[in-house]
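Chains, contacts and geometry: an overview
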Amino acid sequence: IKSIQRGKADETKPEVFTIEEAKALLTNANKFGLLPWISLGLFCGIRSEEMKRLPAKDIHFDERVIIISAETAKKRARRNITIPDALMAWIAPCIPALKLGGPIVDISQFRKNKKLLLDTVGFKWKDNGLRKSFASYHYAHFQDDTKTAYQMGSSAAMIYAFYRAVVTGADADGFWNLRPELV
């Protein structure tokens with residue numbers, strides 16, 4: 001009898017930003033008008049296209065909730081996202097301007113500013129890296145695929161399938177404890 005060949009694993013690990021890369025993005029983003037974009041993506045997992053449509057008036061800092069309306073959401077289903085402490089710490093310099101309303105980021109300057117940010121930090125952008133980083137660090141920290149899925153407007157099965165064991169619990173703790181004064 002010939003030996004049975006083992007099939008190839010069909011799981012691919014999502015590419016996420018390391019803690020050091022996240023620090024670099026966060027520390028330099030405000031120079032290019034991208035701090036709300038970067039911090040909302042990293043700490044709330046909001047889809048890039050949703051952030052383009054998200055009006056700042058839907059970010060309720062006092063209540064610590066972001067309302068993703070049906071008009072803003074990819075799947076056209078409303079959801080509320082809890083604002084974590086890490087986001088509040090990083091986005092603090094932008095809160096006065098965001099409270100005035102308007103877009104999260106200047107879309108007309110977005111590509112240019114993103115390139116300038118990446119030139120400054122010295123590494124390449126990871127495809128959907130902000131959202132994948134959020135999912136990986138959130139799931140590793142809270143160990144709750146349903147909670148992570150709700151925040152992201154996704155399914156628990158999807159979170160479990162793609163984001164379990166991507167980062168360690170220690171890395172997740174480090175990510176959620178990132179603060180401007182600690183960088």
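Residues numbered from 1 in each chain as written. Predicted model: local features only at pLDDT ≥ 70, side-chain atom pairs only at ≥ 80, totals over all residues. Heavy atoms only, no water.

Overview of the pattern of salt bridges
- Taken as a whole and assessed by the stated rule, the structure comprises nine salt bridges.
- Glu-20 is paired through a salt bridge with Lys-23; the nearest N and O atoms lie 3.1 Å apart. Residue Glu-20 and its partner Lys-23 are both found in helix H1 (residues 19–29); the two are separated by three residues, about one turn of the helix.
- Across the salt bridge formed by Arg-64 and Asp-85, the nearest N and O atoms sit 2.5 Å from each other. Remark: Asp-85 occurs in helix H4 (residues 85–91) and Arg-64 occurs in the loop between strand S1 (59–60) and strand S2 (65–68); sequence separation between them is 21 residues.
- On the accessibility criterion, Arg-64 (29% relative accessible area) is partly exposed.
- According to the relative accessible area criterion, Asp-85 is partly exposed, its value standing at 47%. (Salt bridge = Lys/Arg side-chain N within 4 Å of Asp/Glu carboxyl O. Helix = DSSP H or I, 4+ residues; strand = E, 2+ residues; numbered from the N terminus. Buried < 20%, exposed > 50% of the residue type's maximum accessible area, 1.4 Å probe, protein only.)

Notes on the nonpolar core
- Formed by 58 residues in total, the largest nonpolar core has its most connected members in Ile-38, Leu-40, Leu-42, Phe-43, Ile-46, Ile-66 and Phe-175.
- A per-element tally of this core places helix H2 (residues 35–44) first, with seven residues.
- Contact partners of Ile-38, with chain neighbours within four places excluded, come to Leu-25, Leu-26, Ala-29, Leu-117, Trp-125 and Leu-130. (Core = buried A, V, L, I, M, F, W, Y, C linked by side-chain atoms within 4.5 Å. Contact = heavy atoms within 4.5 Å.)

Section: unusual backbone geometry
- You will see that Arg-64, though not glycine, has its phi angle at about 60 degrees, which is positive.
- Of note in the backbone geometry, Asn-128 takes a positive phi value of approximately 55 degrees without being a glycine.

Brief notes about the side chain of Asn-28
- Secondary-structure assignment places Asn-28 in helix H1.
- Residue classification places Asn-28 among the buried residues on the basis of a relative accessible area of 12%.
- Discounting chain neighbours no more than four positions away, the residues touching Asn-28 are Leu-117, Thr-120 and Val-121.

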